[in-house]
Amino acid sequence: MALIRHLIDGTETGETARTGAVYDPATGEQQHEVVLGSRADVERAIAAARAALPGWRATSLTKRADVLFRLRHLLTERRDDLAAIVTSEHGKVLSDAAGEIGRGLENVEFASGLINQLKGEFSEQVSTGIDVHSVKQPVGVVACITPFNFPVMVPLWMVASAIACGNTVVLKPSEKDPSASVFLAKLFLEAGLPAGVLNVVHGDKEAVDTLLDSPDVSAVSFVGSTPIARSIYQRASASGKRVQALGGAKNHMVVLEDADIESAADAAVSAAYGSAGERCMAVSVLVAVGDVGDRLVPAIERRLGDLAIGAGTDAASEMGPLITREHRDKVASYVTGAAAEGATVVVDGTTKQFDGDGFFIGVSLVDDVKPGMRVYDDEIFGPVLSVVRVDTFDEAIALVNANQYGNGTAIFTRDGGAARQYEFEVEVGMVGVNVPIPVPVGAYSFGGWKGSLFGDSHIYGPESFHFYTRSKVVTTRWPDPVQSSIQLAFPGNS
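Residues numbered from 1 in each chain as written. Predicted model: local features only at pLDDT ≥ 70, side-chain atom pairs only at ≥ 80, totals over all residues. Heavy atoms only, no water.

**What to know about the side chain of Asn251**
Looking at the element boundaries, Asn251 is found in strand β13 (residues 251-255). Given the relative accessible area of 3%, Asn251 is considered buried. One polar contact links the side chain of Asn251 to the main-chain amide nitrogen of Gly408, over a distance of 2.9 Å. Asn251 has contacts with Cys280, Met281, Ala282, Val283, Ser284, Val285, Asn407 and Gly408, leaving out every residue within four places of it along the chain. (Helix = DSSP H or I, 4+ residues; strand = E, 2+ residues; numbered from the N terminus. Buried < 20%, exposed > 50% of the residue type's maximum accessible area, 1.4 Å probe, protein only. Polar contact = N/O pair within 3.5 Å; in protein donor to acceptor, adjacent residues only side chain to side chain. Contact = heavy atoms within 4.5 Å.)

What follows is the structure in structure tokens.
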């Protein structure tokens, strides 16, 4: 059985004292073992990143951009290979895996324009003979802790921007699907990135805690659940680190009475059940305003029987399995408990039968859901769509704004005034108007509000260059030595 090891200072390494199982979610069979890093392993990775920092920081912006351009070429060339790795360990269908790589490529392309993003400012003659300029410099060693659901896209969102800014990186991917990160790191090396600039360590809490506590790590980027994001933010910021920790979500899709029912139903099914609902931007709540639910719920139900659920390697599959057997059973518990809470289970995906021992589950549709029910309050992270019915547009806005999460939301309507009001009033970081999954393109940045983000900076795009750099302001005067004199007073303008 293949052993997935760390990649530290350009070399695969790792003790085998502790290992974890890596499964094929479509069959339920273990296919690999992954080394779970000890404190010593992580410290070696940090030391390698620290040693590589002076050289990479001094590397010209043009040469950094060259590495990213070559990386983009390699990612495009090896896209099918990388997608196959994602499907084998995560379970998502190949088309979804390829789409994930495409969204990661967007940030590689954006980061390749680093010369423009790292420009400072200059002011001449702010005082007599004095000029001021600012520069953006790297923060140092960056820890990137990434989730299982996007094993390529999220690392590219973080790592491409971090190294473009001149930092070095220790990447800790999910131990559930670790191979993609090692593959990516090798592509970076092939693209010309010096050894030690990007290091990959696998592991669990011991590895994460070592990164959070190390005095040699200056910044932490994280994507995961809200409880873990909050904990990471508190622990890392308490030791003086810069932190961006993206948490969970409960994304609402508001449908007004004037919306096109067929289009809204298609959008709801696509956004709720794509990637088996294991997306932080998945629509998990449909808010039906007025009587639109009477038409929309049956329209969604009609579509669910036609969804093809199967192995991600099967071209006919539209949805694959969940990541683990334990997660599948947890998702099922929300559906089986919904009726007891007063909801109406329109489609029960937990009763669907599948051949073999894969981690499959059917899609579920639950109507008459209300705040206070577990199926509404918790981030389920599976193929379950809840329907909340409200009487008015104002009630819909109030419902979304009262939720603890604020990652993404969408409104479906033909009314431009209502859409603009929703965009203006809703307390959510990413908003779609007739767009169900409003993940911004690479030239913008991704991130939510409230319990979906801890820290001030969103991920990728322009805000990532702010997060991964520190500003330095330099005030300069080149006086004539003959005119110099001692001045003890506080300096002022003249």
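**Considerations on the packing of helix α4 (residues 94-111) against helix α6 (residues 153-164)**
Angle between the axes and distance between the axes are the two parameters that describe a pair of packed helices. As a packed pair, α4 and α6 sit with axes 8 Å apart at the nearest point and diverge in direction by 10 degrees. Here α4 is positioned roughly parallel relative to α6, judged by the angle of their axes. Contacts from Glu100, Arg103, Gly104, Leu105, Asn107, Val108 and Ala111 of α4 reach α6 at Met153, Leu156, Trp157, Ala160, Ser161 and Ala164. When its residues are assigned to classes, the contact of α4 with α6 shows 8 nonpolar, 3 polar and 2 charged. (Axes fitted to C-alpha atoms, helices over the stretch in contact; angles between N-to-C directions. Parallel < 35°, antiparallel > 145°, perpendicular 65-115°, else oblique. Nonpolar A, V, L, I, M, F, W, Y, C, P; charged D, E, K, R; others polar.)

**A closer look at the environment of Asp131**
Topologically, Asp131 is positioned in strand β7 (residues 130-138). Residues within four places of Asp131 in sequence aside, it is in contact with Phe122, Ser123, Glu124, Gln125, Val474, Thr475 and Thr476.

**Re the domain arrangement of the protein**
Partitioning the protein into domains gives domain 1 (2-247 + 452-474) and domain 2 (251-433). Counting from both sides, the interface comprises 20 residues of domain 1 and, opposite them, 24 residues of domain 2. Interface area, domain 1 with domain 2, both sides summed: about 1800 Å², of which 61% is carbon and sulfur. Together, Pro25, Val93 and Ser452 form the three largest contributors to the area buried by domain 1 at its contact with domain 2, with a combined 27%. One can count 1 salt bridge joining domain 1 with domain 2. Arg279 is the salt-bridge partner of Asp96, the closest N and O atoms lying 3.3 Å from each other. At the junction of domain 1 with domain 2, the criterion picks out 8 residue pairs in polar contact (both at pLDDT 80 or more). Secondary-structure elements contributing two or more residues to the side of domain 1 that touches domain 2 are α3 (79-90) and α4. (Domains from an automatic or database assignment. Buried area = accessible area lost by both parts, 1.4 Å probe. Salt bridge = Lys/Arg side-chain N within 4 Å of Asp/Glu carboxyl O.)

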